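Each chain, letter by letter, is given below.
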Amino acid sequence: MPVPFEALIPYGIILAMFGATGAGLSKLRHWQNGHKRPRRSLDQWDRQMMDRDRRLTGLLRGQSDEPLAPIGFEFNNPWRVEKRMS
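Residues numbered from 1 in each chain as written. Predicted model: local features only at pLDDT ≥ 70, side-chain atom pairs only at ≥ 80, totals over all residues. Heavy atoms only, no water.

(A) Examining the overall build of the protein chain more closely. Counting secondary structure elements, the protein chain contains two helices and zero strands. Here the C-alpha atoms of the protein chain give a radius of gyration of 24 Å, more than 25% beyond the 12 Å that 2.2 N^0.38 yields for 86 residues. When the backbone C-alpha atoms are referred to their principal axes, the protein chain occupies close to 80 × 40 × 25 Å. Sorting the 86 residues of the protein chain into buried and exposed places 8% on the buried side. Working note: accessible area of the protein chain is about 8,400 Å², and carbon and sulfur atoms make up 62% of it. (Helix = DSSP H or I, 4+ residues; strand = E, 2+ residues; numbered from the N terminus. Rg over C-alpha atoms; globule rule 2.2 N^0.38 Å. Buried < 20%, exposed > 50% of the residue type's maximum accessible area, 1.4 Å probe, protein only. Areas by Shrake-Rupley, 256 points an atom, 1.4 Å probe, with all protein chains shown as cover.)

As structure tokens, then:
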């Protein structure tokens, strides 16, 4: 006995919503990543360089080809020091 097509409409709607949500999240991640593909298997060196690039350019994946650092970068230290007890 065949299934009436009216019974398949909710499944089509659910499938379309999952597809739209997946595509939207993928586009959002791509946009937040500086319009670049996501990086895979990052080690400590890659994270350190990404943090340096973020401090230099303001973007996590941004890179600069300027030979000199911008003004104020010499005071932009990533190391967090503890407060001394006096």
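The rest of the description comes next.
(B) Structural view of the pattern of salt bridges. One pass over the full model with this rule turns up three salt bridges. Residue Asp51 is joined to Arg54 by a salt bridge in which the shortest nitrogen-to-oxygen separation is 2.7 Å. Pair noted here: Asp51 and Arg54 are both in helix 2 (residues 44-57), with a separation of three residues, about one helical turn. What makes Asp51 partly exposed here is its relative accessible area of 25%. A relative accessible area of 36% means that Arg54 is categorised as partly exposed. Note that Asp53 is salt-bridged to Arg52, the shortest N-O span being 3.0 Å. The exposure class assigned to Arg52 is partly exposed, which follows from its relative accessible area of 33%. Taken together, the salt bridges that share partners define one network made up of Asp51, Arg54 and Arg55. (Salt bridge = Lys/Arg side-chain N within 4 Å of Asp/Glu carboxyl O.)

(C) Geometry of a nonpolar patch on the surface. A cluster of nonpolar residues, Val3, Leu8, Tyr11, Ile14 and Phe18, forms a patch on the protein surface that exposes about 600 Å² of accessible area. By the secondary structure assignment, Val3 is in the segment before helix 1 (9-32). Taking relative accessible area as the criterion, Val3 reaches 58% and is therefore assigned exposed. (Patch = residues over 30% accessible without salt bridge, like charges linked within 9 Å, V, L, I, M, F, W, Y side chains within 5 Å.)

In short, geometric facts, not functional conclusions.
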